[in-house]
Amino acid sequence: MEKIKTFTLPKLPYDYNALAPYISEEQLKLHHDKHHQAYVNGANAIFEKIDKAHQENAALDIKAVAKELSFHIGGHLLHTTFWENMAPAGKSGGGQPGGAVADMINMGFGSFEQFKKQFTLAATSTEGSGWAALAAHTCIGRPLIMQIEKHNVNVFPNFQILMALDVWEHAYYLDYKNDRAKFVEAFWNLVNWDKVNKNLSLVK
Ligand code: MN
């Protein structure tokens, strides 16, 4: 850590229309350009407030700041993971995992089908706005499913997130209206298992 930085909205690793028909161009553009950008802006505004207070040796309502920051940082980092763990269907997206992810899923869940069922259930049953995520840590030697509320509640500290699925209404409302289950089903056509394998190699 040598230099203080702020967040920038990452470019999507594919075109806005690349995930259609499962996620439409309009839906993806709105989600990335407006919603994800809002979390980037939200975090940066708080960084600015923190830096100013520190420079001026001024008081800071750290309780409020930490809570708000956790929401926006979670939002930014989860969206970044989400974009990267998807790819155009039939190219790098969809199908079943291979390599170490396949082995880990079989070990942790018994079968890919069982994992898919559990992850789908976590996603569809998230109360209000949140995420389903697959995470792992060597301290328990297995993967676990997180059901994250908002962007930051029920997160296991220090676990590596291998893949994430956004189930906020803003992720699917244009394409699927209120049918979250249909969106979750569509997501399986887009999972970039190569990227999930890369994330697994980062597990400590
Ligand atoms: Mn979102």
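Residues numbered from 1 in each chain as written. Predicted model: local features only at pLDDT ≥ 70, side-chain atom pairs only at ≥ 80, totals over all residues. Heavy atoms only, no water.

Q: Hey, could you run me through helix 3 (residues 99-109) in this one?
A: Within helix 3, the full set of buried residues consists of Val 101, Ala 102, Met 104, Ile 105 and Phe 109. An end-on view of helix 3 places all buried positions within 165° of arc, on one side of the element. Residues of helix 3 that are exposed and angled more than 90 degrees away from the buried face: Asp 103 and Met 107. Residues of helix 3 that are buried make contact with helix 4 (112-124), strand 1 (130-137), strand 2 (142-149), strand 3 (160-166) and helix 7 (193-200). A positive backbone phi angle near 95° is found at Gly 110, which sits one or two residues after helix 3. (Buried < 20%, exposed > 50% of the residue type's maximum accessible area, 1.4 Å probe, protein only. Helix = DSSP H or I, 4+ residues; strand = E, 2+ residues; numbered from the N terminus. Arc of directions from axis to C-beta. Contact = heavy atoms within 4.5 Å.)

Q: Just to check I follow, could you spell out the nonpolar core for this structure?
A: One broad rule of soluble globular proteins: the nonpolar side chains tend to lie buried together. With 50 residues, the main nonpolar core has Phe 115, Met 163 and Trp 193 as its most contacted residues. The greatest single-element share of this core, amounting to six residues, is contributed by strand 1. (Core = buried A, V, L, I, M, F, W, Y, C linked by side-chain atoms within 4.5 Å.)

Q: So what exactly am I meant to see when it comes to the packing of helix 3 against helix 7 here?
A: Each pair of packed helices can be described by the angle between their axes along with the distance between the axes. Put simply, helix 3 and helix 7 touch, their axes get as near as 8 Å, and they point 75° apart. Relative to helix 7, the element helix 3 lies roughly perpendicular. Between helix 3 and helix 7, the residues in contact are Gly 99, Ala 100, Val 101, Met 104 and Ile 105 and Trp 193, Val 196, Asn 197 and Leu 200, respectively. (Axes fitted to C-alpha atoms, helices over the stretch in contact; angles between N-to-C directions. Parallel < 35°, antiparallel > 145°, perpendicular 65-115°, else oblique.)

Q: Whenever I open this one, the coordination of the manganese ion confuses me. Can you help?
A: Tetrahedral coordination by four donors sets the ideal angle at the metal to 109.5 degrees; octahedral coordination by six donors sets it to 90 or 180 degrees. At 1.9 to 2.2 Å from the manganese ion lie its protein donor atoms, namely His 31 (NE2), His 79 (NE2), Asp 166 (OD) and His 170 (NE2). In primary sequence terms, the donor set of the manganese ion follows H-x47-H-x86-D-x3-H. Here His 170 lies in the loop between strand 3 and helix 5 (173-176) and His 79 lies in helix 2 (residues 62-84), a separation of 91 residues in the sequence. Given a relative accessible area of 0%, His 79 falls into the buried group. (Donors = N, O, S within 2.8 Å, 3.2 Å for Na, K, Ca; no water.)

Q: Explanation requested: the pairing of strand 1 in the structure shown.
A: Looking down a regular strand, the side chains alternate between one sheet face and the other. The buried fraction of strand 1 amounts to eight of the eight residues, a majority that puts the element mostly inside the structure. Burial along strand 1 is two-sided: Gly 130, Ala 132, Leu 134 and Ala 136 and Trp 131, Ala 133, Ala 135 and His 137, pointing in opposite directions, are all buried. When strand 1 meets strand 2, the two strands line up antiparallel, connected through eight bridges. For Leu 134, the partnering residue across the bridge sits in strand 2 and is Ile 145. By the bridge criterion, six bridges tie strand 1 to strand 3 in an arrangement that is antiparallel. Counted as the bridge partner of Ala 133 is Ala 164 from strand 3. (Pairing = 2+ DSSP bridges.)

Q: Even after reading the chapter, I still don't get the sheet that holds strand 1, so can you show me in this structure?
A: Strands in a sheet are paired, the pairing made by backbone hydrogen bonds, and the direction either parallel or antiparallel. Read from one edge to the other, the open sheet built from three strands follows the order 2-1-3, with strand pairing classed as antiparallel. Single-partner strands in this sheet number two, and they are strand 2 and strand 3. In this sheet, neighbouring strand axes are inclined to one another by 20° on average, regardless of whether the strands run parallel or antiparallel.

Q: It is not clear to me how helix 7 should be interpreted in this structure. Could you clarify?
A: Given 3.6 residues per turn, any residue in an α-helix points the same way as the ones three and four places further on. For helix 7, the set of buried residues is Trp 193, Val 196, Asn 199 and Leu 200. In a view along the axis of helix 7, the buried residues occupy a sector of 110°, so they form one face of it. Away from its buried face, by an angle of more than 90 degrees, helix 7 presents the exposed residues Asp 194 and Lys 198. Those residues of helix 7 hidden inside the fold are in contact with helix 3, helix 4 and strand 3.

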